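# Descriptive analysis of the structure
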Amino acid sequence: MQVIRVHSAIRDYEVHFSGSFDFLTAFEDIPNRFYVIDSNVWELYRDSLFSRLDPELVMVLPIEEDRKNLYTVMEVYDALMSRSAKRNMTLISIGGGIVQDITGFAASTLYRGINWIFVPTTLLAQADSCIGSKTSLNYKSYKNLVGTFFPPNRIFLSPGFTRTLKNEDYFSGLGEVVKLHLMGGEQLARELMLNLPALAGRENAAALLSAIEKSLAVKLGYMQDDEFDTGKRNLLNFGHCFGHAVESTSAFAIPHGQAVVIGMMFANIVAKNRGLMSVALFEQLHQQALKPALTAQPDKGQLDTDAVFAAMKMDKKRTGDGLVLIMLINGFEMIKIDDLTYAELDAANHELQKLIGVA
Ligand SMILES: NC(=O)c1ccc[n+]([C@@H]2O[C@H](COP(=O)([O-])OP(=O)(O)OC[C@H]3O[C@@H](n4cnc5c(N)ncnc54)[C@H](O)[C@@H]3O)[C@@H](O)[C@H]2O)c1
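What counts as what
- Residues numbered from 1 in each chain as written.
- Predicted model: local features only at pLDDT ≥ 70, side-chain atom pairs only at ≥ 80, totals over all residues.
- Heavy atoms only, no water.
- Buried < 20%, exposed > 50% of the residue type's maximum accessible area, 1.4 Å probe, protein only.
- Helix = DSSP H or I, 4+ residues; strand = E, 2+ residues; numbered from the N terminus.
- Contact = heavy atoms within 4.5 Å.
- Axes fitted to C-alpha atoms, helices over the stretch in contact; angles between N-to-C directions.
- Left-handed = near helix turned anticlockwise from the far one by under 90°.
- Pairing = 2+ DSSP bridges.
- Parallel < 35°, antiparallel > 145°, perpendicular 65-115°, else oblique.
- Nonpolar A, V, L, I, M, F, W, Y, C, P; charged D, E, K, R; others polar.
- Core = buried A, V, L, I, M, F, W, Y, C linked by side-chain atoms within 4.5 Å.
- Domains from an automatic or database assignment.
- UniProt positions renumbered as here; feature names shortened; annotations may be inferred.
- Patch = residues over 30% accessible without salt bridge, like charges linked within 9 Å, V, L, I, M, F, W, Y side chains within 5 Å.
- Areas by Shrake-Rupley, 256 points an atom, 1.4 Å probe, with all protein chains shown as cover.
- Salt bridge = Lys/Arg side-chain N within 4 Å of Asp/Glu carboxyl O.
- Near = heavy atom within 4 Å.
- Polar contact = N/O pair within 3.5 Å; in protein donor to acceptor, adjacent residues only side chain to side chain.
- Phe/Tyr/Trp six-rings, centres within 6.5 Å; stacked < 30°, edge-to-face > 60°.
- Lys NZ or Arg CZ within 6 Å of the ring centre and 35° of its normal.

As recorded in an unreviewed UniProt entry, the protein goes by 3-dehydroquinate synthase and comes from Sulfuriferula multivorans.

To continue, consider helix 9 (residues 240-249). Helix 9 sits mainly inside the fold: 7 of its 10 residues count as buried. When helix 9 is considered as a whole, its buried residues turn out to be H240, C241, F242, G243, A245, V246 and E247. Summarising the contacts, the buried residues of helix 9 are in contact with strand 8 (142-149), helix 6 (167-182), helix 10 (256-273), helix 12 (305-313), strand 10 (323-329) and helix 13 (342-355). Backbone geometry just downstream of helix 9 places A251 in the positive-phi region, at approximately 50 degrees.

Right, let's talk about the packing of helix 9 against helix 12 for a bit. For any two helices packed against each other, the geometry is given by the interaxial angle and the distance between the axes. In the contact formed by helix 9 and helix 12, the axes pass within 8 Å of each other and the chain directions differ by 115 degrees. Both helix 9 and helix 12 take part in a crossing whose hand is right-handed. Residues C241, F242, A245, S248 and T249 of helix 9 form the contact with helix 12, whose participating residues are A307, V308, A311 and M312.

Here we come to the sheet that holds strand 4 (residues 58-61). The mixed open sheet is built from 7 strands, whose spatial order is 1-2-9-6-5-3-4. With one partner strand each, in any of the chains shown, strand 1 (3-6) and strand 4 form the two edges of the open sheet. On average, each strand axis in the sheet is inclined to that of its neighbour by 15 degrees, with strand direction left out of account. Examined bridge by bridge, strand 1 and strand 2 (residues 13-17) share 4 bridges and lie antiparallel to one another. Residue R5 lies in a different strand from strand 2, and its bridge partner there is E14. Its contacts with the sheet put helix 3 (residues 70-82) on strand 3 (33-38), strand 4 and strand 5 (90-95), and the angle it makes with strand 4 is roughly 165 degrees. Helix-sheet contacts for helix 4 (residues 97-109) involve strand 3, strand 4, strand 5 and strand 6 (115-120), and the interaxial angle to strand 5 is about 170 degrees.

Helix 7 (residues 186-201) packs onto helix 6 with a crossing angle of 165 degrees between their chain directions and a minimal axis gap of 9 Å. Here helix 6 lies roughly antiparallel to helix 7, going by the angle between them. In this structure, helix 6 meets helix 7 at a crossing whose hand is right-handed. Along its contact with helix 6, which presents Y170, F171, L174, V177, V178, H181 and L182, the element helix 7 presents L188, A189, L192, L196, L199 and A200. Taken together, the residues of the contact of helix 6 with helix 7 sort by class into 12 nonpolar, 1 polar and no charged.

Core analysis: the biggest nonpolar cluster contains 106 residues, and L182, F242, M312 and L325 have the highest contact counts within it. Composition of this core by domain shows at least three residues from each of domain 1 (3-164) and domain 2 (176-355). Counting 19 residues, the second-largest nonpolar core is a separate cluster that includes F23, F50, I92 and I117.

Bringing the UniProt feature "domain: 3-dehydroquinate synthase N-terminal" (unreviewed entry) in the protein into the picture now. Feature annotation in UniProt places "domain: 3-dehydroquinate synthase N-terminal" (unreviewed entry) on residues 59-169, given in this structure's numbering. Span residues 59-169 is 32% helix and 30% strand, its end C-alpha atoms 23 Å apart.

Below, the discussion takes up unusual backbone geometry. A positive phi angle, near 50 degrees, is found at Y111, a position not held by glycine. Tracing the backbone shows Y111 in the loop between helix 4 and strand 6. At F332, a position not held by glycine, the phi torsion is positive, near 55 degrees. Topologically, F332 is positioned in the loop between strand 10 and strand 11 (333-340). Of the residues examined, F332 reaches a relative accessible area of 8% and is grouped as buried.

Take a nonpolar patch on the surface next. A surface patch of nonpolar side chains, about 470 Å² in accessible area, is lined by L70, Y139, Y142, L145 and M314. Residue position: Y139 is located in strand 7 (residues 134-139).

Right, let's get into the site of the ligand. Inspection of the region around the ligand gives 23 residues, with D38, N40, T121, T122 and K143 positioned closest. Between the ligand and K143 there is a distance of 2.7 Å, counted from an oxygen atom to a side-chain nitrogen or oxygen. Protein chains shield 89% of the accessible area of the ligand, which is 870 Å² for the free molecule. Elements with a contribution of two residues or more to the shell around the ligand: helix 2 (39-45), helix 4, helix 5 (123-129) and strand 8. Examining the composition of the shell around the ligand, we find that 4 residues originate from one element, helix 4, more than from any other. Of the residues assigned to the shell around the ligand, the class counts are 7 nonpolar, 9 polar and 7 charged.

Here the focus is the packing of aromatic side chains. Taken as a whole and assessed by the stated rule, the structure comprises 13 aromatic pairs. An angle of 70 degrees between the planes, with centres 4.8 Å apart, marks the rings of F21 and F161 as edge-to-face. Within this pair, whereas F21 is found in the loop between strand 2 and helix 1 (23-26), its partner F161 is found in the loop between strand 9 (154-157) and helix 6, the two being separated by 140 residues in sequence. A ring pair is formed by F23 and F27, whose centres lie 5.8 Å apart and whose planes are at 50 degrees; its orientation type is tilted. Residue F23 shares its accessibility class with F27, and that shared class is buried. A cation over an aromatic ring shows up here: R11 above the ring of F150, its NZ or CZ 4.5 Å from the ring centre. Geometry around F282 places K272 over its ring, the cationic atom sitting 5.1 Å from the centre.

Listed below in structure tokens is the structure:
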């Protein structure tokens, strides 16, 4: 089993890669354990991987973005307390980014922190969110407004779980994989453009494993020395400034990673229009990295400039009058600007709509 060690100011932790699901059996030796499992994952694997689990030790959690809130965390507290949760218990959560955020928040706040093992089962959680220490909850209509920094003690990652993902969830994760490879420099970006057809085909396990490992390595590089997201780590929001806005205008109908692909297309248009990205690089990235990764089709209403502008104004990273945007520029360098205007947004948005054929 390959292991990545992550240094954290909170506690160091490890990601264990596995070609099988044997680690689930090893969990049976952990005293005072309790499982919280994504309901869809539970249904898919209850009679196989989970057949040995004691139902008394399992909470099955229905998953919806609008359940990623304090009320659902309270359901988890209740389940844990009803099994007389103690400070030395271990919460084992199995699922995607939503399960991670809900259970991570619960684990970080119950007794001010209990043991937590996370088993990511979506591509997005495996290639991106499982490391980074963030737990985030939505509050009313505000996405990821409430949260803590709290890494799992250990992460067990088996890419085999992604085989059962629906295409829309797989391609959501692929969006973040594309983002991290583009942010990893020219060589990694070119590697991605070569491997994207295999990744999109969903049949090449070796290509997928390598893409997950490389994505995590790039994310680690950006987190180094900035775990608490006050500087360089901010750049990981490439595709997210416009992307979060589209998630919000679509009421989360556009999956997160797909909104990030649309956000990267938008950022590249602004970079090109500002003369910071050559037309040749723009075209190449669009044709070989972004277009093949986009399966969602936003409608005109979801891309309405006024609605997107209003959502971008709510961006947590915004401190001045202009809008914030993270951009990839010539030389595969990443920069952050904070002076994007309404007029520039509107022009780039029209160009984006033409590019992706929004009627
Ligand atoms: N904490 C962080 O650092 C961080 C980073 C990025 C994103 N996020 C959050 O993660 C969430 C998105 O996560 P996600 O994309 O993993 O989505 P998700 O958790 O909603 O899962 C997507 C869908 O896939 C299903 N599913 C999960 N595993 C499966 C499997 N193996 N087979 C079949 N179906 C499976 C789920 O039930 C769900 O229906 C968002 O809320 C986002 O804000 C958090």
